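Each chain, written out:
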Amino acid sequence: MKSKPQLTFWQIWNMNFGFLGIQFGYALQNANVSRIFETLGADVENIPILWIAAPVTGLIVQPIVGHYSDKTWGRLGRRRPYFLIGAILASLALIVMPNSPTLWVAAGMLWIMDASINISQEPFRAFVGDLLPENQRTRGFTMQSFFIGIGAVVASALPWVLTNWFGVSNTAPEGVIPDSVKFAFYAGAVAFFGAVAWTVFSTKEYSPEELKEFDAAEEEDEKQKDTAREENTETTSLGNLKKRAKVLGITLTIFGLGTTLLVYLNSYMWELYILTIGLSLFGILEMVVLAMQKHKKSKAGLAEIINDFNMMPLAMRQLAVVQFFSWFALFTLWIYSVAGITSHIYDMKMEKDVVHELQSAVANIDKSEDTDKVKSIGEELQKYNKKLQSGQEEVVASMDVVKFFVDEDRSEEMQMSENARNVVDRIQQEYNEGGNWVGMGFAVYNGFAAVFAFLLVWLAKVTNRKLTHLISLAIGGVSMISIYFINSTGIGLLVPFVGIGLTWASILAMPYAILTSSLPSHKMGVYMGIFNFFIVIPQILAASLLGFAVKSLFNGQPIYALVLGGVTWFIAAAMMPFVKDKIENKTAS
């Protein structure tokens, strides 16, 4: 019996190079889709369903793709057919997206793009587990971190580069996407397909027979060293499986339906329905699968995926908790960094006389205006007034209110005083300046993530993967919380993002390196897809609960959302000692 051979640096480079293209797709989407939607006439606040596309799509697509890629073998191998299919579809979506004639065409293309990117992305995680021996998987996943960092920096800057270096227009008539955005998406399509194609045609996969031989050799090695192997899907009894499925199914169904009713009766944020109804549906699926097993249909695709979920290895269940808190912190950063930093560092406040003047202006506005928008602005100003009546001397202004009044034609129509116009102009200028600095911070953390990817390999080698991830998460917690103590823009504001870059690089690498050591090779794909659940669920919770927390618990100050994110990174770090890493005491590179 033979073990998996060690791969060279360039072989590991080639097998992960496709991730550069995948990150091009994500970065262009994250940086420009809001702009596309708004250009096509969207009021983003009124169509938030668009922004749940990525997590919901990943939640559904990744386990399915993982399950079927585990069972695929053909001319292109096991995972590579999915790389190629996803790359073709995603590249076409990148070309069509900026040419969308209407808002809902653009919304549909976003879902198609997300689904296509997920088809390519999911097997890449399992690809590392398939091809690399255990002691090289840390290097394999940190290489993915490197390409993610590079791709994010380059792709996010593409529209700016095209405008400032090549003179491509950054403006367009109303309802038309600027050429700088269009050409950036075209370049992204070429980069996406080219990078993935490079991996597909430069990397050879092991056949199912070879993988079985490698597994047998690994098992023999474990026996000789008298170490207990992790419980897997083959060793859990059918009786225990049925009992677990029944309890989980009933519990999730009742809890999901109960919380759905609670959300409805209390008019909580609509995003919570995705989570509560999703829990109910998953509970029902558990019971459907249980019924299928009674009729000997447990090998059906859906039943098998649910069974695999129920039999997650111990290390995967432990890592799931770490992932939940890790990604919750990331989403607080992505959602509230601009609002938190700008409102904390700049004087984005309105005094009582300005609020009262704006209230009067709204009350006298032309009734031909968008009544829903006018009503929304009036309600927001009323909230400001209540805060001022409670003793506050100033209130932090939201950009919805500022953008409404900064319009020159509207401000003249409402006969706003020079003082009021100066206040809203100043707040908008400060917000844009703060947003630019946050954009630089994001570039810093993505760029340093690419650099730190190689540092993580060394750190894991001299310590171990658990300690490396613990240190990285703790540094992220310190970095995120330290933003609260910074009171000016400049280089000092960028320093915390360096630490966040280390955390980001580790989150993209260490949990997957640890996880693959506990997974059977014939289930690598489906478990990587299921592991994505613990990224999506905190994303939905962050989108739903953070707004409530900022308004009700943090007195409308989003900087405290970033502090909360730092705390959750510390919680994730505290969970790491309880994670079982199969090669904790071996050399990982």
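Quick caveat: nothing in here was measured; it's all calculated off a predicted structure.

Chemist: Let's hear about the overall build of the protein: which residues, and what values?
Modeler: Regarding its fold elements, the protein presents 23 helices and two strands. Sequence separation of at least 24 residues holds for 83% of the intrachain contacts in the protein that already meet a minimum separation of 6. Split by element, the accessible area of the protein, about 25,800 Å² in all, is 62% carbon and sulfur.

Chemist: Outline the layout of surface pockets, listing residues and values.
Modeler: When its volume is computed, the second largest pocket comes out at roughly 960 Å³. Taken together, the elements giving at least two residues each to the lining of the second largest pocket come down to helix 3 (53-70), helix 9 (238-265), helix 10 (271-294), helix 11 (301-310) and helix 22 (533-553). With eight residues, the top contributor of residues to the lining of the second largest pocket is helix 10. Among the residues making up the lining of the second largest pocket, the classes are represented as 27 nonpolar, two polar and two charged.

Chemist: For the packing of aromatic side chains, give the residues involved together with the corresponding values.
Modeler: One pass over the full model with this rule turns up 36 aromatic pairs. Note on F9 and W10: the rings are 5.1 Å apart at their centroids and 85 degrees apart in plane angle, and the pair reads as edge-to-face. Look at F9 and you get partly exposed, because its relative accessible area is 33%. With centroids separated by 5.6 Å and ring planes inclined at 35 degrees, the aromatic side chains of F448 and F452 adopt a geometry described as tilted.

Chemist: A description of the environment of S116 should follow, citing residues and the corresponding values.
Modeler: Secondary-structure assignment places S116 in helix 5 (residues 103-131). Residue classification places S116 among the buried positions, given a relative accessible area of 3%. Along the sequence, S116 and G58 sit 58 residues apart, while their C-alpha atoms lie 9.9 Å from each other. Residues within four places of S116 in sequence aside, it is in contact with G86, L89 and A90. A polar atom in the side chain of S116 sits 2.8 Å from the backbone oxygen of I112.

Chemist: How would you summarise a negative patch on the surface if you had to cite specific residues and measurements?
Modeler: Taken together, the side chains of E351, D353, E393 and E394 present a region of like negative charge at the surface. The topology assignment puts D353 in helix 13 (residues 352-363). The exposure class assigned to D353 is partly exposed, which follows from its relative accessible area of 46%.

Chemist: Please give an account of a nonpolar patch on the surface that cites residues and values.
Modeler: A cluster of nonpolar residues, I250, I254, I277, L281, I284, M287 and V288, forms a patch on the protein surface that exposes about 580 Å² of accessible area. Among the secondary structure elements, those contributing two or more residues to the nonpolar patch are helix 9 and helix 10. By residue number, the principal contributor to the nonpolar patch is helix 10, which donates five residues. Position of I277 relative to the elements: it lies in helix 10. Taking the relative accessible area as the measure of exposure, I277 reaches 38% and is therefore partly exposed.

Chemist: Talk me through the packing of helix 5 against helix 6 (residues 137-166); I want residue IDs and the actual numbers.
Modeler: Relative orientation of the contacting elements helix 5 and helix 6 amounts to 155 degrees, with a least axis distance of 9 Å. In this view, helix 5 runs roughly antiparallel relative to helix 6, as classed from their interaxial angle. Between helix 5 and helix 6 lies a crossing of right-handed hand. Side by side, helix 5 and helix 6 meet where F124, R125, V128 and G129 of the first sit next to R137, G140, F141 and Q144 of the second. Taken together, the residues that form the contact of helix 5 with helix 6 break down as three nonpolar, three polar and two charged.

Calculation rules
Residues numbered from 1 in each chain as written. Predicted model: local features only at pLDDT ≥ 70, side-chain atom pairs only at ≥ 80, totals over all residues. Heavy atoms only, no water. Helix = DSSP H or I, 4+ residues; strand = E, 2+ residues; numbered from the N terminus. Contact = heavy atoms within 4.5 Å. Areas by Shrake-Rupley, 256 points an atom, 1.4 Å probe, with all protein chains shown as cover. 1 Å grid on protein atoms, 1.4 Å probe; cavity = no way out; pocket = protein on both sides within 12 Å on 5 of 7 lines; lining within 4 Å. Points joined across faces, edges and corners; volume = space filled by probe spheres on them. Nonpolar A, V, L, I, M, F, W, Y, C, P; charged D, E, K, R; others polar. Phe/Tyr/Trp six-rings, centres within 6.5 Å; stacked < 30°, edge-to-face > 60°. Buried < 20%, exposed > 50% of the residue type's maximum accessible area, 1.4 Å probe, protein only. Polar contact = N/O pair within 3.5 Å; in protein donor to acceptor, adjacent residues only side chain to side chain. Patch = residues over 30% accessible without salt bridge, like charges linked within 9 Å, V, L, I, M, F, W, Y side chains within 5 Å. Salt bridge = Lys/Arg side-chain N within 4 Å of Asp/Glu carboxyl O. Lys, Arg positive; Asp, Glu negative; His and termini not counted. Charge placed at Lys NZ, Arg CZ, Asp CG, Glu CD. Axes fitted to C-alpha atoms, helices over the stretch in contact; angles between N-to-C directions. Parallel < 35°, antiparallel > 145°, perpendicular 65-115°, else oblique. Left-handed = near helix turned anticlockwise from the far one by under 90°.

What is shown is where atoms sit, not what they do.
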